[in-house]
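Inside the fold
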Amino acid sequence: MAILVYYRKLSEDASTVRYAFGGHPEEMDRAMTLDKATYGAEPDDGGETFGFLATVRRIARTHHASGTWPEHGMVAH
């Protein structure tokens, strides 16, 4: 199964970071909230799709490697 998901940071506070994500950079029609302490995430619409899970993993890996939450990015498998 191939996926292509774009994401961008919407907001960040002391405990969470929110991202928009979707299949096109100009149409990121979904959003998620990610817990900074656990890397656990919840999609706003409740749909834990393969694209959602891959995006959470990419954001978490990027944060773990750089120490900062990415502003934007892409997942392609």
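This text gives an overview of the structure that appears in the document. (Residues numbered from 1 in each chain as written. Predicted model: local features only at pLDDT ≥ 70, side-chain atom pairs only at ≥ 80, totals over all residues. Heavy atoms only, no water.)

The next thing to look at is the overall build of the protein chain. Tallying secondary structure elements over the protein chain gives 1 helix and 5 strands in all. In terms of overall dimensions, the protein chain is globule-like: its C-alpha atoms have a radius of gyration of 11 Å, near the 11 Å expected for 77 residues. Projected onto its principal axes, the C-alpha coordinates of the protein chain cover approximately 30 × 25 × 20 Å. For the protein chain, the share of sequence-separated contacts (at least 6 apart) that also reach a separation of at least 24 residues comes to 33%. Just so you have it, the protein chain exposes about 4500 Å², and 55% of that area is on carbon and sulfur atoms. Computed over 8 positive and 11 negative side-chain charges, the separation of the two mean positions in the protein chain equals 6 Å. (Helix = DSSP H or I, 4+ residues; strand = E, 2+ residues; numbered from the N terminus. Rg over C-alpha atoms; globule rule 2.2 N^0.38 Å. Contact = heavy atoms within 4.5 Å. Areas by Shrake-Rupley, 256 points an atom, 1.4 Å probe, with all protein chains shown as cover. Lys, Arg positive; Asp, Glu negative; His and termini not counted. Charge placed at Lys NZ, Arg CZ, Asp CG, Glu CD.)

This part takes up the pattern of salt bridges. Tallied over the full model, the rule gives 5 salt bridges. Across the pair Lys-9 and Glu-71 runs a salt bridge, and its minimum N-O distance is 3.0 Å. Residue Lys-9 is found in strand β1 (residues 4-12), and its partner Glu-71 is found in the loop between α1 (50-66) and β5 (72-76); the two are separated by 62 residues along the sequence. Given the relative accessible area of 18%, Lys-9 is considered buried. Since its relative accessible area comes to 48%, Glu-71 is described here as partly exposed. (Salt bridge = Lys/Arg side-chain N within 4 Å of Asp/Glu carboxyl O. Buried < 20%, exposed > 50% of the residue type's maximum accessible area, 1.4 Å probe, protein only.)

Attention shifts here to unusual backbone geometry. Unlike most non-glycine residues, Tyr-39 shows phi in positive territory, near 65°. Relative to the assigned elements, Tyr-39 resides in the loop between β3 (30-35) and β4 (41-43).

Here Ser-15 is to be found in the loop between β1 and β2 (16-22). For Ser-15, a relative accessible area of 43% translates into the label partly exposed. Sequence spacing of Ser-15 and Gly-73 is 58 residues, and the spatial spacing of their C-alpha atoms is 21 Å. Beyond its immediate sequence surroundings of up to four residues, Ser-15 is in contact with Leu-34, Asp-35 and Lys-36.

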